[in-house]
Amino acid sequence: MDLCVMIEGQEGVTWEQWRALAAGCEQHGIPALFRSDHYLSVDERPGRGSLDALGTLCALGAVTSTVRLGTLVSPATFRHPAVVAKLAVTADHASGGRLELGLGAGWFEAEHAAFGLPFPDTRTRMAMFAEHVEIVRGLCDEGTFRFAGEHYRLAGVDAQPKPVQSRLPIVVGGGAGPRTVAVAARFADEYNTIYVTPDEARTRRSRVADAWRDAGRDPSTLRFSVMTGCLVARDEAELLERAGRLAEQRGSGRSAREELDAAPPAWIVGTVPAAAQRLRALADAGVDRVMLQLHLHDDLDQLELIGRDLAAAL
């Protein structure tokens, strides 16, 4: 199982912190760094800003050399799919072929209203998302691509340049419902789901594998991943200290112990041996990699602990 890192970029992560996070991943052997794609704090903390997700990956690609870079996930409501394809190819070239593009339908209505972005109903967003993924795939693959759908029309173009990678990896995120699974089975390379127990992961992976098979694809080619919160430490005292900082960062008003006890059951929380045990259970359920969501984005020590001690414990 691969251990990757996922950062909530909309919670005030600065460019200097992005560079430090990417450098830390490379230094400590973490294979991939993912970031959310939001424009507004989902913790509803005023004053927190967000650099554009795909713009950040373009810039990080030019100042890193080994770590893979991705979005988890970019909403179809933010950008025209042709723009997404161009940005993805740009980031792939800037990084020498290290981009992974996560795509989703979008869910955070408040940021759409704040920035004047349309937020259609769920049915419409899902239809847009399906077309969005198909168009990004078509523009990034070889040959001329044309499209005529309900929401987008492309007259036809052999978009150049193509990605450095022979096939740009597309990750579809969702709860393993029939609509996102069907889109992933047709056009994606990986399915990502969030905050699941091992039993839930096993069930969702089975649904995705069935969709892969129904689409005429070999289920053994499926990559199934999980994004979940993470708070890991060397000992109980360090764990409480991190929990206290997390409570402060999130503005929960809870004590360190209360914050620790309030962690969702699907999170990876504990000392290294306890965290490793929970990760092994996910691996046994068919999870190929885990994106560890680090809310303490300035905690480079925890990054080192994950890349060295936790990865080694697996």
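Presented here is an overview of the structure given in this document. (Residues numbered from 1 in each chain as written. Predicted model: local features only at pLDDT ≥ 70, side-chain atom pairs only at ≥ 80, totals over all residues. Heavy atoms only, no water.)

**Quick look at the overall build of the protein**
Scanning the protein from N- to C-terminus turns up 11 helices and 12 strands. Relative to the 2.2 N^0.38 estimate, which gives 20 Å for 314 residues, the radius of gyration of the protein is 19 Å and therefore close to what a compact globule would have. Taken over the C-alpha atoms alone, the protein extends approximately 60 × 40 × 40 Å along its principal axes. A sequence separation of at least 24 residues applies to 71% of the contacts in the protein between residues at least 6 apart. When the accessible surface of the protein is split by element, carbon and sulfur atoms take 52% of a total near 12800 Å². (Helix = DSSP H or I, 4+ residues; strand = E, 2+ residues; numbered from the N terminus. Rg over C-alpha atoms; globule rule 2.2 N^0.38 Å. Contact = heavy atoms within 4.5 Å. Areas by Shrake-Rupley, 256 points an atom, 1.4 Å probe, with all protein chains shown as cover.)

**Points about the pattern of salt bridges**
In this structure the tally under the stated criterion is 28 salt bridges. For Arg289, the salt bridge is made with Glu100, and the minimal N-O distance between the two is 2.4 Å. Taken together, the residues span a long stretch of sequence, with Arg289 in strand 12 (residues 289–294) and Glu100 in strand 5 (residues 99–104) at a distance of 189 residues. Judged by relative accessible area, Arg289 falls into the buried class, the value being 2%. Between Arg234 and Glu238 there is a salt bridge, with its nearest N and O atoms 3.0 Å apart. (Salt bridge = Lys/Arg side-chain N within 4 Å of Asp/Glu carboxyl O. Buried < 20%, exposed > 50% of the residue type's maximum accessible area, 1.4 Å probe, protein only.)

**What about the environment of Gly138?**
Considering the arrangement of structural elements, one finds Gly138 in helix 5 (residues 122–140). A relative accessible area of 11% places Gly138 in the buried class. In this structure the C-alpha to C-alpha distance between Gly138 and Phe187, which are 49 residues apart in sequence, comes to 9.0 Å.

**Looking at the packing of aromatic side chains**
Per the counting criterion, the structure on display carries four aromatic pairs. Here Tyr39 and Phe78 contribute two aromatic rings whose centre-to-centre distance is 4.4 Å and whose plane-to-plane angle is 20 degrees, an arrangement assigned as stacked. One end of the pair, Tyr39, is in the loop between strand 2 (32–35) and helix 2 (53–62); the other, Phe78, is in the loop between strand 4 (74–75) and helix 3 (81–95), with 39 residues separating them in the sequence. An aromatic cluster of at least three residues, connected via ring pairs, comprises Tyr39, Phe78 and Phe115. (Phe/Tyr/Trp six-rings, centres within 6.5 Å; stacked < 30°, edge-to-face > 60°.)

**As for the side chain of Asp37**
Note on placement: Asp37 falls in the loop between strand 2 and helix 2. The exposure class of Asp37 is buried, given its relative accessible area of 1%. Engagement of the side chain of Asp37 in a polar contact is seen with the side chain of Ser74, the distance being 2.7 Å. A distance of 2.7 Å separates polar atoms of two side chains, one belonging to Asp37 and the other to Arg79. (Polar contact = N/O pair within 3.5 Å; in protein donor to acceptor, adjacent residues only side chain to side chain.)

**Regarding the pairing of strand 7 (residues 153–157)**
Note that strand 6 (residues 145–148) and strand 7 share three bridges and pair antiparallel. What sits directly across from Ala148, in strand 7, is Arg153. With antiparallel pairing between neighbouring strands as the criterion, strand 6 and strand 7 make up a hairpin whose turn holds four residues. (Pairing = 2+ DSSP bridges.)

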